[in-house]
Amino acid sequence: MSISATLVKELREKTNAGMMDCKKALEATSGDFDAAVEWLRVKGLGAAAKKADRIAAEGAVFAQLNGTTGLVMEINSETDFVARNDGFKALAADVAEHMFKTELAADVLSQPFSKDTSKKLGDLFTEATATIGEKIVLRRQEKYTSTANTLVHTYVHGEGKIGVMIEVAASKPEAVTNPALKTFAQDVALHIAAMNPMAISSEQIPADVVSKEKEILTAKNLESGKKPEMIEKIVEGQIRKFLAENCLMDQAFVKNPDLKVSDLAKNVGKEIGADVTVKRFVRFELGAGIEKKSNDFAAEVAAQMKGH
């Protein structure tokens with residue numbers, strides 16, 4: 001079958017593998033994109049595991065606190081220039097104010113706007129699109145409110161490229177006001193921005209993600225000539241490493257790699273006289289998983305493929 005240049009381009013963007021390797025992978029899997037990603041990983045040719053699905057869309061991630069409530073949201077525009085525009089920032093401020101005052105719902109855009117109930121929240125985006133001259137959309141949002149024994153904290157990295165919100169808990173309510181707990185929340189939020197964990201602990205990583213990883217690692221070990229009877233043991237060790245690398249509490253703390261995040265929690269717990277845990281977190285990375293407009297690169301790929 002003939003493989004389109006656009007598909008080769010997309011696979012190359014996702015995996016960082018060479019162009020001809022991407023073409024071979026798609027030919028070997030009859031054009032099945034996901035299977036081609038796995039084929040490259042098994043052959044050790046792609047960086048698919050490390051490269052997130054992030055073909056950048058522009059805009060900004062906003063994260064802020066209002067009393068005991070935290071909010072993180074992503075608003076997208078077509079260019080990064082617009083994200084620095086005062087009108088875009090004013091829109092974000094209005095949307096944040098609305099969200100702090102109302103319950104977050106799936107149909108948030110159809111809610112009456114809290115500042116002017118003759119409008120719906122979605123009308124603000126329609127108006128901004130007309131005024132600014134680019135499509136402006138609310139992509140996603142999340143809100144946490146702390147309880148008597150928890151603390152909510154937000155962190156924005158790189159002028160709105162990544163936003164993190166975290167809720168940490170102390171076993172004694174009086175420990176929540178200890179400045180060391182706030183420092184812990186800030187440090188772990190920064191860590192989450194940098195290290196992008198999948199979950200707090202290994203129990204929270206979906207079983208299908210682990211079994212898919214096992215499948216890929218088994219195939220990869222077979223491909224590299226490891227003895228079949230040794231593979232189960234090898235894969236077991238590799239899965240332990242995979243979980244440690246992707247679970248927040250098992251990761252090496254970014255500011256002091258000699259400590260795991262779980263060690264940091266224990267140390268802070270001793271300092272404040274209470275058990276310290278991470279209850280939940282959310283991390284929004286600008287444009288993660290959004291396809292950007294295709295450009296003439298597909299034509300360049302086609303031209304190069306004809307030469308092979």
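## What to know about the nonpolar core
Piece 1. Grouped together as the largest cluster of nonpolar side chains are 31 residues, with contacts concentrated most on Ile 166, Leu 181, Phe 184, Val 188, Ile 272 and Val 278.
Piece 2. Within the residue set of this core, elements represented by two or more residues are β6 (150–157), β7 (162–170), α7 (179–195), α10 (261–272) and β8 (276–285).
Piece 3. Not counting residues within four places of it along the chain, the set of residues in contact with Val 278 comprises Ile 166, Glu 167, Val 168, Phe 184, Val 188, Ile 200, Leu 248 and Met 249.
Piece 4. One finds Ala 83, Met 99, Phe 113 and Ala 128 within the second-largest nonpolar core, a separate group that totals 21 residues.

## Observations regarding the pairing of strand β2 (residues 69–77)
Piece 1. Burial within β2 is extensive, with nine of its nine residues counted as buried.
Piece 2. Both faces of β2 are covered, namely the face carrying Thr 69, Leu 71, Met 73, Ile 75 and Ser 77 and the face carrying Gly 70, Val 72, Glu 74 and Asn 76.
Piece 3. Of the strand pairs in this sheet, strand β1 (residues 58–66) and β2 are connected by nine bridges, and their pairing is antiparallel. Within the sheet, the bridge partner assigned to Val 61 lies in β2 and is Glu 74.
Piece 4. Pairing between β2 and strand β5 (residues 137–145): eight bridges, direction antiparallel. Note on β5: the bridge partner recorded for Met 73 is Gln 141.

## A word on the packing of aromatic side chains
Piece 1. Enumeration according to the criterion identifies one aromatic pair in this entry.
Piece 2. Centroid distance Phe 62 to Phe 88: 6.2 Å. Interplanar angle 35°. Geometry classified as tilted. Here Phe 88 lies in helix α5 (residues 86–101) and Phe 62 lies in strand β1, a separation of 26 residues in the sequence.
Piece 3. Here Phe 88 falls in the buried class, since its relative accessible area comes to 0%.
Piece 4. Taking NZ or CZ as reference, Arg 280 lies 3.8 Å from the ring centre of Tyr 144, over its face.

## Here we look at the sheet that holds β7
Piece 1. Reading across the sheet, the three strands line up as β6-β7-β8 and stay open at both edges, with antiparallel pairing between neighbours. Two strands close off the open sheet at either side, each with one partner strand: β6 and β8. The mean angle between the axes of side-by-side strands here comes to 15°, regardless of whether they run parallel or antiparallel.
Piece 2. Two elements, β7 and β8, share nine bridges in a ladder whose sense is antiparallel.

## A few points about helix α2 (residues 19–28)
Piece 1. Here α2 has its buried residues at Met 19, Cys 22, Lys 23, Ala 25 and Leu 26. Projected down its long axis, α2 shows its buried positions confined to an angular sector of 160°, all on one face.
Piece 2. In the stretch just after α2, Ser 30 is the one whose phi turns positive, near 55°.

## Some details on the sheet that holds β5
Piece 1. Across the sheet, which stays open at both edges, the three strands sit in the order β1-β2-β5 with antiparallel pairing between neighbours. Each edge of the sheet is formed by a strand with only one pairing partner; in this case those strands are β1 and β5. In this sheet, adjacent strand axes meet at a mean angle of 10° when their direction is disregarded.
Piece 2. The strands that α5 touches are β1, β2 and β5; relative to β2, the one it contacts most, it runs at about 140°.

## Observations concerning helix α6 (residues 121–132)
Helical geometry: 3.6 residues make up each α-helical turn, so side chains three or four residues apart lie on a common side.
Piece 1. In this model, α6 (12 residues) spans 17 Å end to end at C-alpha, consistent with the 16 Å of a helix rising 1.5 Å per residue.
Piece 2. Of the residues making up α6, those classed as buried are Leu 121, Gly 122, Leu 124, Phe 125 and Ala 128. The buried residues of α6 occupy an angular sector of 150° when projected down its axis, which confines them to one face. Seen from the open side of α6, the exposed residues pointing more than 90 degrees away from its buried face are Thr 126, Ala 130 and Thr 131.
Piece 3. Check the buried side of α6 and you find it contacts β2, α5, β3 (112–113), β4 (116–120) and β5.
Piece 4. Where α6 terminates, the next one or two residues include Gly 133, which has phi positive at roughly 90°.

## A word on the pairing of β6
Piece 1. Extensive coverage of β6 is indicated by the burial of six of its eight residues.
Piece 2. The sheet contact formed by β6 and β7 spans eight bridges and is antiparallel. Bridge pairing in β7 links Thr 154 to Met 165.
Piece 3. Hairpin connection from β6 to β7: four residues lie between these consecutive antiparallel strands, with Gly 158 at a positive phi of about 60°.

## A closer look at the pattern of salt bridges
Piece 1. As enumerated under the stated definition, the model contains 15 salt bridges in all.
Piece 2. Between Arg 280 and Glu 167 there is a salt bridge, with its nearest N and O atoms 2.6 Å apart. In this pair, Arg 280 sits in strand β8 while Glu 167 sits in strand β7, placing the two residues 113 residues apart along the sequence.
Piece 3. Classification of Glu 167 by relative accessible area gives buried; the value is 0%.
Piece 4. Residues joined in a network through salt bridges with shared partners are Asp 94, Glu 97, Lys 101 and Lys 115.

The rules behind each value
Residues numbered from 1 in each chain as written. Predicted model: local features only at pLDDT ≥ 70, side-chain atom pairs only at ≥ 80, totals over all residues. Heavy atoms only, no water. Core = buried A, V, L, I, M, F, W, Y, C linked by side-chain atoms within 4.5 Å. Buried < 20%, exposed > 50% of the residue type's maximum accessible area, 1.4 Å probe, protein only. Helix = DSSP H or I, 4+ residues; strand = E, 2+ residues; numbered from the N terminus. Contact = heavy atoms within 4.5 Å. Pairing = 2+ DSSP bridges. Phe/Tyr/Trp six-rings, centres within 6.5 Å; stacked < 30°, edge-to-face > 60°. Lys NZ or Arg CZ within 6 Å of the ring centre and 35° of its normal. Axes fitted to C-alpha atoms, helices over the stretch in contact; angles between N-to-C directions. Arc of directions from axis to C-beta. Expected span 1.5 Å × (residues − 1). Salt bridge = Lys/Arg side-chain N within 4 Å of Asp/Glu carboxyl O.

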